[in-house]
Each structure stands twice: as structure tokens, then as C-alpha cells.
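These are the residues of each chain, in order.
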Amino acid sequence: MFAKILFVFLSIFLVACNDKDDAMEQQDCSTAICTLNFVTITVSVKDASGEAIALSSYEVIDTETGENIASDFNGDEYQYYKEQGLYPILSDANRSQYQNLTATLTFKGFIDNEAIINETYEVGADCCHVSLIEGETTIVLE
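Conventions used here
- Residues numbered from 1 in each chain as written.
- Predicted model: local features only at pLDDT ≥ 70, side-chain atom pairs only at ≥ 80, totals over all residues.
- Heavy atoms only, no water.
- Helix = DSSP H or I, 4+ residues; strand = E, 2+ residues; numbered from the N terminus.
- Buried < 20%, exposed > 50% of the residue type's maximum accessible area, 1.4 Å probe, protein only.
- Contact = heavy atoms within 4.5 Å.
- Disulfide = S-S within 2.5 Å.
- Pairing = 2+ DSSP bridges.

### Comments concerning the overall build of the protein chain
Within the protein chain, the regular secondary structure consists of three helices and seven strands. When the helices and strands of the protein chain are placed in sequence order, the string is α-β-β-α-β-α-β-β-β-β. Within the protein chain, buried positions represent 30% of all 142 residues. Residue pairs in contact within the protein chain that sit at least 24 positions apart in sequence constitute 64% of those at least 6 positions apart.

### Re the state of the cysteines
Per the counting criterion, the structure on display carries two disulfides. Across the disulfide, Cys29 is cross-linked to Cys127 (sulfur-sulfur distance 2.0 Å). Disulfide Cys29-Cys127: torsion about the S-S bond near -75°, hence left-handed. In this pair, Cys29 is assigned in the loop between helix H1 (2-16) and strand S1 (40-47) and Cys127 in the loop between strand S5 (114-125) and strand S6 (130-134), connecting sequence segments 98 residues apart. Take Cys29: its relative accessible area is 24%, and that puts it in the partly exposed class. For Cys127, a relative accessible area of 12% puts it in the buried group. The disulfide bridge from Cys34 ends at Cys128, spanning 1.8 Å between sulfur atoms. Residues Cys34 and Cys128 are joined by a disulfide whose S-S torsion is about -70°; by sign, that bridge is left-handed. You can see Cys34 sitting in the loop between H1 and S1 and its partner Cys128 sitting in the loop between S5 and S6, a full 94 residues away along the chain. Classification of Cys128 as buried rests on a relative accessible area of 17%. If you count the bonded cysteines of the protein chain from the N-terminus, they pair up as 1-3, 2-4.

### Description of the pairing of strand S7 (residues 138-141)
Of the two faces of S7, the one lined by Ile139 and Leu141 is fully buried and the one lined by Thr138 and Val140 carries no buried residue. In this sheet, S7 lies alongside S1 in parallel orientation, the contact comprising four bridges. Within S7, the position partnered with Ser44 by the bridge is Thr138.

In C-alpha cells, the structure reads:
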């Protein structure tokens with residue numbers, strides 16, 4: 001009987017003394033097998049009739065750091081996105097910055113220097129790709 005009690009006590013002691021926090025443990029990405037897809041999370045901005053809205057400019061602010069992470073596009077690429085009403089907020093180019101984290105990003109859209117959009121998104125990343133956790137990817141302006 002004493003041996004059973006001792007075994008239970010030692011088991012509880014060993015579990016309690018484990019210094020690893022499994023929830024916060026970083027994933028080892030050295031053995032991850034990833035697809036070759038390049039993931040980009042975009043926001044679509046439209047009017048009530050479904051027409052794409054071209055913003056004059058936009059920002060994607062990481063609320064923790066205050067950094068504007070909006071990608072710099074060349075003229076042709078940015079023009080194409082604007083014509084489609086699509087605005088990237090995060091891509092796999094930022095994956096390592098957000099790996100194993102949850103971050104809050106604020107998308108701000110401007111027309112003629114007037115802020116018309118202010119939306120919040122929760123994002124994250126694993127060993128391979130960024131992902132949208134929460135937030136509307138279609139914004140309809142009245």
C-alpha cells in the first residue's frame with residue numbers, strides 16, 4: 001500500500017515540476033513539410049452595388065508594435081489591386097514575424113486623405129503559412 005501512495009506522490013511531483021509550458025512551446029519547423037503555395041490574406045472593398053472601390057492609400061498597422069506592414073507594390077501591381085478593390089493585409093513574406101503568435105492588425109483605408117475604413121483582424125502563422133483567425137475579408141461601404 002505504501003508503494004502505491006509513494007508512486008502517486010512521485011508522479012504528481014514530477015508532473016508539477018515540469019518546467020515546459022506546452023502552450024507556449026515553439027514549434028520546431030525544421031521538419032515541417034510545406035506546400036509551395038504563397039498565401040496572401042486580402043481584403044475586398046466594395047460599394048453597396050458590388051463595385052470595387054479604389055482606395056487612394058491604405059495601411060495595415062500591427063497594433064502591438066505600431067508598425068505599418070502594408071506591402072510596397074510596384075505601380076502595375078498596385079494599380080491592378082486597386083482596380084479589383086483588393087488590398088493585401090498579410091502574406092507569407094511576414095510568416096516568420098508572426099509564427100506561433102496571434103496578432104491584431106488594423107486595416108485603414110483612405111480616399112483623398114480621409115479615413116473611410118478602420119477594421120481589425122486577428123492573424124497568425126504556423127511553420128508554413130499565415131492565416132486569418134478573425135475578421136471580415138469583404139468590406140461593403142455605403
